[in-house]
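Each chain, letter by letter, is given below.
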Amino acid sequence: MTREEYFCSEYMSSIYYFCLKKTGNENEAEDLAGEISLEILKALKKGILIDHFEGFVWKVARNRYA
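The model shown is predicted, which means the values in this text are computed figures rather than measured ones. (Residues numbered from 1 in each chain as written. Predicted model: local features only at pLDDT ≥ 70, side-chain atom pairs only at ≥ 80, totals over all residues. Heavy atoms only, no water.)

**Here we look at the overall build of the protein chain**
Moving on, step 1. Of the regular secondary structure elements, the protein chain holds three helices and zero strands.
Moving on, step 2. In the protein chain, the succession of α and β elements from N to C terminus is α-α-α.
Moving on, step 3. Its C-alpha atoms give the protein chain a radius of gyration of 11 Å, near enough to 11 Å, the size a compact globule of 66 residues would have.
Moving on, step 4. On the principal axes, the C-alpha backbone points of the protein chain span a range of 35 × 20 × 15 Å.
Moving on, step 5. Per-residue burial for the protein chain yields a buried fraction of 30% across its 66 residues.
Moving on, step 6. Restricting to contacts in the protein chain with at least 6 residues of sequence separation, those with at least 24 account for 59%.
Moving on, step 7. Carbon and sulfur atoms form 49% of the exposed surface of the protein chain, whose accessible area is close to 4,700 Å². (Helix = DSSP H or I, 4+ residues; strand = E, 2+ residues; numbered from the N terminus. Rg over C-alpha atoms; globule rule 2.2 N^0.38 Å. Buried < 20%, exposed > 50% of the residue type's maximum accessible area, 1.4 Å probe, protein only. Contact = heavy atoms within 4.5 Å. Areas by Shrake-Rupley, 256 points an atom, 1.4 Å probe, with all protein chains shown as cover.)

What follows is the structure, given as structure tokens:
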């Protein structure tokens, strides 16, 4: 399983619910979750080295929300 597949299978729904909790609106949550996912997938595609994958995912999510 690639890092991209792992991210999609393990984090997509959690990111959506994080966004829904922060925005309180389903449409905005979907848009924000898409932006966060795209940013993470771009970083993974570049081949950056990630020591703590979960921390990386949530750091990107919090930064993108801010």
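**Section: the environment of Glu 5**
Moving on, step 1. Within the fold, Glu 5 resides in helix α1 (residues 3–23).
Moving on, step 2. Residue Glu 5 is classed as partly exposed on the basis of its relative accessible area, which comes to 46%.
Moving on, step 3. A sequence separation of 36 residues divides Glu 5 from Leu 41, and the C-alpha atoms of the two residues are 9.7 Å apart.
Moving on, step 4. At 3.0 Å, the side chain of Glu 5 and the backbone nitrogen of Thr 2 are in polar contact. (Polar contact = N/O pair within 3.5 Å; in protein donor to acceptor, adjacent residues only side chain to side chain.)

**Notes on the nonpolar core**
Moving on, step 1. Phe 7, Tyr 11, Ile 15, Cys 19, Ile 36, Ile 40 and Val 57 are the most contacted members of the largest nonpolar core, which totals 19 residues.
Moving on, step 2. Counting only elements with at least two residues in this core, the list comes to α1, α2 (26–46) and α3 (53–65).
Moving on, step 3. In this structure, Cys 19 is in contact with Gly 24, Ala 29, Leu 32, Ala 33 and Ile 36, ignoring residues within four places of it in sequence. (Core = buried A, V, L, I, M, F, W, Y, C linked by side-chain atoms within 4.5 Å.)

**Observations regarding the confidence of the model for the protein chain**
For any part of a model where pLDDT is low, the fine detail of the predicted coordinates should not be relied upon.
Moving on, step 1. Scored by pLDDT, the protein chain has a mean of 94; 100% of the residues are at 70 or more.
Moving on, step 2. Across the protein chain, the element-wise mean pLDDT spans from 94 in α1 up to 96 in α2. (pLDDT = per-residue confidence, 0-100.)

**Thoughts on the pattern of salt bridges**
Moving on, step 1. On inspection of all chains with the given rule, the structure shows two salt bridges.
Moving on, step 2. The partner of Arg 64 in a salt bridge is Glu 35, and the shortest N-O contact between them spans 3.2 Å. One end of the pair, Arg 64, is in helix α3; the other, Glu 35, is in helix α2, with 29 residues separating them in the sequence.
Moving on, step 3. By relative accessible area, Arg 64 is classed as partly exposed at 39%.
Moving on, step 4. The closest approach of N and O atoms between Arg 64 and Glu 39, which form a salt bridge, is 3.9 Å. Of this pair, Arg 64 sits in helix α3 while Glu 39 sits in helix α2, and the two are 25 residues apart along the sequence.
Moving on, step 5. A network of salt bridges, in which partner residues are shared, links Glu 35, Glu 39 and Arg 64. (Salt bridge = Lys/Arg side-chain N within 4 Å of Asp/Glu carboxyl O.)

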